[in-house]
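Per-entry structural report
Okay, here's what each chain looks like letter by letter:
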Amino acid sequence: MTVLQDLLDRGDREGATAAATTTLSSKPTDGEALSALARLALESGDVTAAKTHLARVGPRDRQLYEVLLAEAMVLQLSDQADAARLAFAQLTAVHATRPEAFFALGLAQLEKQ
């Protein structure tokens, strides 16, 4: 588990924001930091800010689990439920040891009914 993920898991939003901002000062396209900020924006209901953060992710970090999860969350909150369910399902297939995508897929399936 990374420091940013640990901070998010503990609910330390200020610490996660500070750590992400520090990382971005030296690596402005860091996928983990930008996806953390995107998830924090989504928690606040700001889908536009989340999309903006994710748009800044560099090509090398595009396939990181954290980035793909945040992008799937954006789809879910942007009324693109079918695309979100597919994205969550793909994440569970590739990252079977990471519980977040399984949880999100379950919630997305519940909302489908």
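Remember, predicted model here, so these are calculated numbers, not experimental data.

This next bit is on the layout of surface pockets. Of the volumes computed, that of the largest pocket is approximately 310 Å³. Met73, Gln76, Phe88, Ala104 and Leu107 are, among the 13 residues lining the largest pocket, the residues nearest its centre. Sorting the residues of the lining of the largest pocket by element identifies α3 (31-43), α5 (65-77) and α7 (99-112) as the ones contributing at least two each. It is α7 that provides the largest number of residues to the lining of the largest pocket, a total of 6 residues. The residue makeup of the lining of the largest pocket, split by class, is 8 nonpolar, 1 polar and 4 charged.

Attention now goes to the nonpolar core. Looking at soluble globular proteins, one finds that nonpolar side chains tend to be buried together. Counting residues in each nonpolar core, the largest one holds 21 residues, and the members touching the most others are Leu4, Ala16, Ala50, Leu54 and Val74. Counting residues per element, the ones that place at least two in this core are α1 (3-9), α2 (13-26), α3, α4 (47-55) and α5. Sequence-distant contacts of leucine 54, that is, excluding residues within four places in its chain, are made with Ser35, Ala38, Arg62, Val67, Ala70, Glu71 and Val74. Judged by nonpolar contacts, the second largest core, of 11 residues, contains Ala72, Phe88, Leu91 and Ala101.

This part takes up the packing of α3 against α5. Contact geometry of α3 with α5 gives a least axis separation of 8 Å together with a crossing angle of 25°. Of the possible angle classes, the one that applies to α3 and α5 is roughly parallel. Handedness of the α3/α5 crossing: left-handed. Residue-level contacts link Gly31, Ser35, Ala38, Arg39 and Leu42 of α3 to Glu66, Val67, Leu69, Ala70, Met73, Val74 and Leu77 of α5. Its residues assigned to classes, the contact of α3 with α5 shows 8 nonpolar, 2 polar and 2 charged.

Its identity as a non-glycine residue notwithstanding, aspartate 79 has a phi of 60°, on the positive side. Among the residues examined, aspartate 79 registers a relative accessible area of 75% and is labelled exposed.

What counts and how
- Residues numbered from 1 in each chain as written.
- Predicted model: local features only at pLDDT ≥ 70, side-chain atom pairs only at ≥ 80, totals over all residues.
- Heavy atoms only, no water.
- 1 Å grid on protein atoms, 1.4 Å probe; cavity = no way out; pocket = protein on both sides within 12 Å on 5 of 7 lines; lining within 4 Å.
- Points joined across faces, edges and corners; volume = space filled by probe spheres on them.
- Helix = DSSP H or I, 4+ residues; strand = E, 2+ residues; numbered from the N terminus.
- Nonpolar A, V, L, I, M, F, W, Y, C, P; charged D, E, K, R; others polar.
- Core = buried A, V, L, I, M, F, W, Y, C linked by side-chain atoms within 4.5 Å.
- Buried < 20%, exposed > 50% of the residue type's maximum accessible area, 1.4 Å probe, protein only.
- Contact = heavy atoms within 4.5 Å.
- Axes fitted to C-alpha atoms, helices over the stretch in contact; angles between N-to-C directions.
- Parallel < 35°, antiparallel > 145°, perpendicular 65-115°, else oblique.
- Left-handed = near helix turned anticlockwise from the far one by under 90°.

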